[in-house]
Amino acid sequence: LSDPITKIQKKKMSATRACFALLLLVSTLLVVAALPGFITYDEVKGKGFSVTYDNRSLKINGKPSLFLSGSVHLPRGAADVWQKVIPESKANGLNMLEIYVFWNFHEPVEGQINWSGDRSLRDLLQLCADNNLFVNLRIGPYVCAEFEYGAIPVWLGQKPGIQFRTNNPNITR
């Protein structure tokens, strides 16, 4: 018993150091994102803006921009959940949300497209705008988000001549 620090105490100290390092990293990112010069959604809300790239950063209206982004999947939460999640995202320092458009979610049956209720992309985008968040809208047809068939509708795979994960002209036209 010559070592007064037990293995459990060492693990606790290691976990505390890791938490502190993570907190320091997040704090640094939040401070950097808040520095003058980085454009905010508030500055362009409701107006057109240009997006360019200069081999160093994305620029919005000529101003360098730093995006701290999270990912939101419309099919994985009801509309009332977004009322909580989106403001929390902003409060936690994000200034952008990446949103996939899931084809199989909006057209589960061929020709029956649904953009209402919990499937309302418009409502989700408006909620992001109301919370001053940029959006990186990721339109398919393929969605790499651990969704069956990459969010391509099952009915499409049952059509003659359709092959997934190819440059199939029957899908791309």
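Everything in this summary refers to the structure shown in the same document. (Residues numbered from 1 in each chain as written. Predicted model: local features only at pLDDT ≥ 70, side-chain atom pairs only at ≥ 80, totals over all residues. Heavy atoms only, no water.)

### Considerations on the overall build of the chain
Across its full length, the chain holds seven helices and six strands. The linear arrangement of helices and strands in the chain, starting from the amino end, is α-α-β-β-β-β-α-β-α-α-β-α-α. Across the chain, every contact between residues at least 6 apart in sequence was considered, and the portion connecting residues at least 24 apart equals 66%. With the model as given, the accessible surface of the chain reaches about 11700 Å², and the carbon-plus-sulfur share is 58%. (Helix = DSSP H or I, 4+ residues; strand = E, 2+ residues; numbered from the N terminus. Contact = heavy atoms within 4.5 Å. Areas by Shrake-Rupley, 256 points an atom, 1.4 Å probe, with all protein chains shown as cover.)

### Comments concerning the side chain of Glu98
Position of Glu98 among the secondary structure elements: in strand E5 (residues 96-101). Excluding its chain neighbours within four sequence positions, the residues that come into contact with Glu98 are Ser69, Gly70, Ser71, Val72, Asn136 and Arg138.

### So, the pattern of salt bridges
Scanning the model with the defined rule gives four salt bridges in all. With its nearest N and O atoms 3.0 Å apart, the salt bridge here joins Glu98 to Arg138. Within this pair, whereas Glu98 is found in strand E5, its partner Arg138 is found in strand E6 (residues 134-139), the two being separated by 40 residues in sequence. Under the relative-accessibility criterion, Glu98 is labelled buried at 19%. Under the relative-accessibility criterion, Arg138 is labelled partly exposed at 33%. (Salt bridge = Lys/Arg side-chain N within 4 Å of Asp/Glu carboxyl O. Buried < 20%, exposed > 50% of the residue type's maximum accessible area, 1.4 Å probe, protein only.)

### Digging into the sheet that holds E6
The three strands lie next to each other as E4-E5-E6, forming an open sheet whose pairing is parallel. Looking at strand neighbours, the two that pair on one side only are strand E4 (69-72) and E6, the edges of this open sheet. On average, adjacent strands in this sheet sit at an angle of 25° to one another, irrespective of strand direction. In terms of strand pairing, E5 meets E6 through six bridges, oriented parallel. Bridge pairing in E6 links Ile99 to Leu137. Where helix H5 (residues 121-130) meets the sheet, it contacts E4, E5 and E6, and its direction lies at approximately 175° from that of E5. (Pairing = 2+ DSSP bridges. Axes fitted to C-alpha atoms, helices over the stretch in contact; angles between N-to-C directions.)

### Here we look at the packing of helix H3 (residues 79-91) against H5
Put simply, H3 and H5 touch, their axes get as near as 10 Å, and they point 30° apart. The orientation of H3 with respect to H5, classified from their angle, is roughly parallel. Viewed along their axes, H3 and H5 form a crossing whose handedness is right-handed. Along the contact surface, H3 presents Trp82, Gln83 and Ile86, while H5 presents Leu124, Leu127 and Cys128. (Parallel < 35°, antiparallel > 145°, perpendicular 65-115°, else oblique. Left-handed = near helix turned anticlockwise from the far one by under 90°.)

### What about the side chain of Asn132?
Here Asn132 lies in the loop between H5 and E6. A polar contact is formed between the side chain of Asn132 and the side chain of Lys45, at a distance of 3.3 Å. Those residues in contact with Asn132, other than ones at most four positions away along the chain, are Tyr41, Asp42, Lys45 and Lys90. (Polar contact = N/O pair within 3.5 Å; in protein donor to acceptor, adjacent residues only side chain to side chain.)

### Section: the environment of Gln83
Relative to the helices and strands, Gln83 resides in helix H3. Sequence separation between Gln83 and Leu127 is 44 residues, and the spatial gap between their C-alpha atoms is 7.6 Å.

### Some thoughts on the nonpolar core
Val72, Trp82, Ile86, Leu97, Ile99, Phe102 and Leu124 are the most contacted members of the largest nonpolar core, which totals 18 residues. Elements supplying a minimum of two residues to this core: H3, E5 and H5. Not counting chain neighbours up to four residues away, the residues in contact with Val72 comprise Trp82, Ile86, Leu97, Glu98, Ile99, Tyr100 and Leu124. Tyr41, Ile60, Met96 and Phe134 belong to the second largest nonpolar core, which has seven residues in total. (Core = buried A, V, L, I, M, F, W, Y, C linked by side-chain atoms within 4.5 Å.)

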